[in-house]
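The chain contents come next:
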There are 2 protein chains.
Amino acid sequence: MAPSDPSPLVERFRAYLRERGLPVTAQRDLIAGTLARADDYPSAESLGRSLRAGGAAISTATVYRTLELMVLAGLARASDFGGRVRRYEAGGTAARGHLVCGRCGRITGFSSEALERMMPVLADEHGFQHQEHRTEIHGICRQCAGRDAATLSAGS
Amino acid sequence: MAPSDPSPLVERFRAYLRERGLPVTAQRDLIAGTLARADDYPSAESLGRSLRAGGAAISTATVYRTLELMVLAGLARASDFGGRVRRYEAGGTAARGHLVCGRCGRITGFSSEALERMMPVLADEHGFQHQEHRTEIHGICRQCAGRDAATLSAGS
DNA sequence: GTGGATGCAAACTATTTGCATAGCA
DNA sequence: TGCTATGCAAATAGTTTGCATCCAC
């Protein structure tokens, strides 16, 4: 990663660390930077793997610890989208809803004002104090649907 | 469990099994019956534990396999509500939304017609074929909120 | 210099699987 | 009788933790 152009997420993470006198390390910068650039909701393991593939020397344990710290800091969000691995996304991303493709596994974030408005209302209706919410829509993405249609008409 | 009053879920599971010539076993009846009666979204392990506590001899592996089969049959739903264990609920339950209390961990299902209507629309807006959806609201349940308030005013 | 981060490897937890045996159809 | 479930125990997979060492402050 070029340290000349740190992403806003890296900056915010650094600020968070400095505020409480915690060390800003090369690993933390790298992990935050990679998460900020990731568009595939990586797991701790896959994120570490790609970092190592890029030449960085980072242990899996550090990746786990750092991502956990970022979640705590409110700078990342974690979710296991129906699978068995916890996957992370950069926080601050407006996306609160996620489209999970059952075919290719790709996850796409989206945001909906109507949804945002509805959630606290639904919580309230049940005497529940809303803090945050998570919405997943499982189905088939456009690309996979198109591929299916093509395969169907062409035969295998 | 008294076999004299099998729950509808047990019946439907039996029917599903018979339809495809699969064995209807005592274990499967027990597991389906227990899941039908459970109101706490049990994990495979906790479900097996309570069965064994009740005197039944059922291995953990069988519980996992049976619950998985029920999900496949569309008679149960599985989700890990932000935690690291997969928890199950009887299918057919109208609930599609879940309130997850961050204090006591209790999960409460709810259904909302408005939410049901909105999901396919949201999917469509993004060129996504909607199959199913999952909505979780994380926050504090009424009981815990009340307890907090009491503690606060009384001092610890 | 010191508290905290890192890396390694071992520990853990939840879940899955292989295989011999038992049970339903 | 034949196909499938079950149980046990071992294998996995993902994640966490203990501890010695290293590094940012």
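What counts as what
Residues numbered from 1 in each chain as written. Chains lettered and ligands numbered in written order. Predicted model: local features only at pLDDT ≥ 70, side-chain atom pairs only at ≥ 80, totals over all residues. Heavy atoms only, no water. Near = heavy atom within 4 Å. Polar contact = N/O pair within 3.5 Å; in protein donor to acceptor, adjacent residues only side chain to side chain. Helix = DSSP H or I, 4+ residues; strand = E, 2+ residues; numbered from the N terminus. Nonpolar A, V, L, I, M, F, W, Y, C, P; charged D, E, K, R; others polar. Axes fitted to C-alpha atoms, helices over the stretch in contact; angles between N-to-C directions. Parallel < 35°, antiparallel > 145°, perpendicular 65-115°, else oblique. Left-handed = near helix turned anticlockwise from the far one by under 90°. Contact = heavy atoms within 4.5 Å.

Caption draft 1: Examining the protein's contact with DNA strand D more closely. In the neighbourhood of DNA strand D, 21 residues make up the surrounding shell, with A:Tyr64, A:Arg86, B:Thr25, B:Ala57 and B:Thr62 lying closest. The sugar and phosphate moieties of DNA strand D supply 77% of its atoms located within 4 Å of the protein. Between DNA strand D and B:Thr62, the relevant distance is 2.8 Å, taken from a phosphate oxygen to a side-chain nitrogen or oxygen of the residue. Here a base nitrogen of DNA strand D sits 2.9 Å away from a polar atom, N or O, in the side chain of B:Arg65. Those elements that provide at least two residues to the surface near DNA strand D are helix H4 (60-72) of chain A together with helix H2 (26-37) and helix H4 (60-72) of chain B.

Caption draft 2: Broad picture of the protein's contact with DNA strand C. Close to DNA strand C lie 20 residues, the nearest being A:Thr25, A:Ala57, A:Thr62, B:Tyr64 and B:Arg86. Sugar plus phosphate, as a fraction of atoms of DNA strand C within 4 Å of the protein: 74%. At 2.7 Å, a backbone N or O of A:Ala57 approaches a phosphate oxygen of DNA strand C. Between DNA strand C and the protein, one listed contact pairs a phosphate oxygen with a backbone N or O atom of B:Arg86 at 2.7 Å. When contributions to the surface near DNA strand C are tallied by element, the ones reaching two or more residues are helix H2 (26-37) and H4 of chain A together with H4 of chain B. Of the residues that constitute the surface near DNA strand C, the class distribution is 10 nonpolar, 4 polar and 6 charged.

Caption draft 3: Region of interest: the packing of helix H3 (residues 44-53) of chain B against H4(B). Residues and elements named next belong to chain B. Taken N-terminus to C-terminus, the directions of H3 and H4 make an angle of 125 degrees; their axes are 9 Å apart at the nearest point. Relative to H4, H3 is oriented oblique. Regarding H3 and H4, the two cross each other, and that crossing is right-handed. Together, Ala44, Leu47, Gly48 and Arg52 of H3 and Thr60, Val63, Tyr64 and Leu67 of H4 make up the contact between the two elements.

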